[in-house]
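# Survey of secondary and tertiary structure
Chain by chain, the residues:
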Amino acid sequence: MFNIYIETYGCQMNFADSEVVASLLTKRGCSLVGEAEKADYILINTCAIRDNAEQRIRKRLHELRALQQRRPALRIGILGCMAERLQHRLMTEEENVSFVVGPDSYRRLPDLLDKVRQPGIKEAATELSTTETYSDIEPVRLGGNGISAYISIMRGCQNYCAYCVVPYTRGRERSRDPETIVAEARSLASQGYKEVTLLGQNVNSYRWRNSSGQNGLEDEVTFPELMRRVAEVSPQLRVRFATSHPKDLSDDLLRVMASYPNICKCIHLPVQSGSDRMLKLMNRHYDSAWYLDRIAAIRRFMPDCSITTDVIAGFCTETEEDHRQTLDIFRRVRYDYAYMFKFSMRPDTYAAKHLADDVPDDVKTRRLEEIIALQGQVALENNRTEIGRVFEILVEGESHRSREQLFGRTSQNKVVVFDRHDVKPGDYVFVKVCDCTAATLKGVLSDSCGTPLFG
Ligand code: 5AD
Ligand code: SF4
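Residues numbered from 1 in each chain as written. Chains lettered and ligands numbered in written order. Predicted model: local features only at pLDDT ≥ 70, side-chain atom pairs only at ≥ 80, totals over all residues. Heavy atoms only, no water.

## Focus on the site of ligand 1
Neighbouring ligand 1 are the residues Ile49, Arg50, Tyr163, Gln272, Asp310, Ile312, Phe341, Lys342, Phe343, Ser344 and Arg346. Contact between ligand 1 and Arg50: an oxygen atom at 3.0 Å from a side-chain N or O atom of the residue. The backbone of Tyr163 places a nitrogen or oxygen atom 3.1 Å from a nitrogen atom of ligand 1. In the complex, the protein chains occlude 87% of the 410 Å² of accessible area that ligand 1 would expose alone. Where the shell around ligand 1 is concerned, the elements lending two or more residues are strand 15 (306–313) and strand 16 (337–342). Its residues assigned to classes, the shell around ligand 1 comprises five nonpolar, two polar and four charged. (Near = heavy atom within 4 Å. Polar contact = N/O pair within 3.5 Å; in protein donor to acceptor, adjacent residues only side chain to side chain. Areas by Shrake-Rupley, 256 points an atom, 1.4 Å probe, with all protein chains shown as cover. Helix = DSSP H or I, 4+ residues; strand = E, 2+ residues; numbered from the N terminus. Nonpolar A, V, L, I, M, F, W, Y, C, P; charged D, E, K, R; others polar.)

## Some points on the site of ligand 2
Around ligand 2 sit Cys11, Asn14, Thr46, Cys47, Ala48, Ile49, Cys81, Val166, Arg170 and Gln201, and those are all the residues in its vicinity. Counted by class, the shell around ligand 2 contains six nonpolar, three polar and one charged residues. Domain assignment of the residues forming the shell around ligand 2 places at least three in each of domain 1 (3–125) and domain 2 (144–264). (Domains from an automatic or database assignment.)

## Description of the domain arrangement of the protein
Frequently, the measure chosen for interface size is the accessible area that the parts lose on association. Taken domain by domain, the protein comprises domain 1 (3–125), domain 2 (144–264), domain 3 (267–385) and domain 4 (390–446). For domain 1 and domain 4, the distance between their C-alpha centres works out to 37 Å.

## A few points about the layout of surface pockets
As a volume, the second largest pocket reaches approximately 300 Å³. Arg238, Pro261, Asn262, Glu392 and Ser411 are, among the 16 residues lining the second largest pocket, the residues nearest its centre. Looking at the lining of the second largest pocket, the element that brings in the most residues is strand 17 (residues 390–398), giving three residues. Split into classes, the residues belonging to the lining of the second largest pocket amount to seven nonpolar, four polar and five charged. Composition of the lining of the second largest pocket by domain shows at least three residues from each of domain 2 (144–264) and domain 4 (390–446). (1 Å grid on protein atoms, 1.4 Å probe; cavity = no way out; pocket = protein on both sides within 12 Å on 5 of 7 lines; lining within 4 Å. Points joined across faces, edges and corners; volume = space filled by probe spheres on them.)

## Overview of the sheet that holds strand 17
Pairing is mixed around the closed barrel formed by five strands, whose spatial order is 17-18-19-21-20. On average, each strand axis in the sheet is tilted by 55° relative to the strand beside it, whichever way the strands run. Strand direction decides the pairing type here: strand 17 and strand 18 (residues 405–409), joined by four bridges, are antiparallel. The residue bridging Val395 from the neighbouring strand is Gly408, located in strand 18. (Pairing = 2+ DSSP bridges. Axes fitted to C-alpha atoms, helices over the stretch in contact; angles between N-to-C directions.)

## Regarding helix 11 (residues 288–301)
Each α-helix turn comprises 3.6 residues. Residues three or four places apart therefore point the same way. Compared with an ideal rise of 1.5 Å per residue, which puts 14 residues at 20 Å, helix 11 spans 20 Å between its outermost C-alpha atoms and is within 8% of the ideal. Buried within helix 11 we find Ser288, Tyr291, Arg294, Ile295, Ala297 and Ile298. Contacts made by the buried residues of helix 11 are with helix 9 (251–259), strand 14 (266–268), helix 10 (276–281), strand 15 and helix 12 (320–333). (Expected span 1.5 Å × (residues − 1). Buried < 20%, exposed > 50% of the residue type's maximum accessible area, 1.4 Å probe, protein only. Contact = heavy atoms within 4.5 Å.)

Spelled out as structure tokens, the structure:
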């Protein structure tokens, strides 16, 4: 059968989808290979969120031309958000692409691979679904460490933020059967996994209705209830999730998070802008006061919870005053980490249809740099307050800098580097933090009270 090479770009959701694709294809007898040179098919799972994400894929396709000339039987397919956005057009524009498959059509891949074997045949499968969740498919864990895995719990998004292409590339929201989610978590725990991350574009709108509930009444499973069920799988299994929309981050969820030690104390809460005028124009359904109230609620329920965010610099009509308000909310919240982006106009979105991309590129760049500089300073200050504290960390692997050191993560998702001694990846250990940079903590192995274990 065929050798398949899968390359993945974009968000965690895309990485989880590639694992579903790997499962669908290996079940049909295909083998996965680790190098493009050995493949009969190269599948590129793509992102469309910003123009530069798409440009990167185009560049990669051009690089692959040489390989294709050497191996005429090689077929290249585009999966994911860029496939969904561009559909057939992508195969016209990029001659070396034989097939495009959108995020809801992966079950059709085995058939499509057969069809495009014939030279000159091009195929597209880009229908979006209102029901597909791939809930029956056990993902093949790709490139993982055997310690931490993603579980996709819902698909799609219908928030229609004015800047965002996702509702057009991933379709309507739909939630996956909670029993299959818990079963997947159990199976991972029994294979020795120590951490699962529940994934969805907006996990707080997770909602499963089961009409065969007791007394014929509707049973509803919401996200807090799902978190509770997954947290109950094993106290040794850490549970994380991404991403929450501030408009529906509920106290119920915070209460459940606070009551389970194995639910990690880390919330990613994209703010996008600190200006109420921008938030309204972005169609975010909250203002800065609401957002700050949710931050206060997080701190009330879990004083040691870390908070991270996404922000966009230079959205349509953004003024210096709007930008100043973004810097201001960063100063107030004091995020532990932020993903910071320059606005990129995406076709089909509300912004593309109704607004002007009127902030000059050099102004976007300068505003982005100001946010990055401020965030770097705050992250360093936050990390300095951790010096002297003791954390239980889950060890993930070797430090990038030195073979003598390992790294792990705190519940707050902060990376801690320490001397390895006899510790192995997958272990839970205590460390006392002794130093830091803006991105990393340094620690020494200790007992739970902070007494060093060695010297
Ligand atoms: N331009 C820049 N950033 C964007 N994001 C989404 N759409 C755009 C866009 N058109 C950012 C948002 C989102 C993150 C995943 O990507 O901050 O939360
Ligand atoms: Fe990129 Fe969004 Fe698609 Fe994820 S869902 S791959 S971030 S466009």
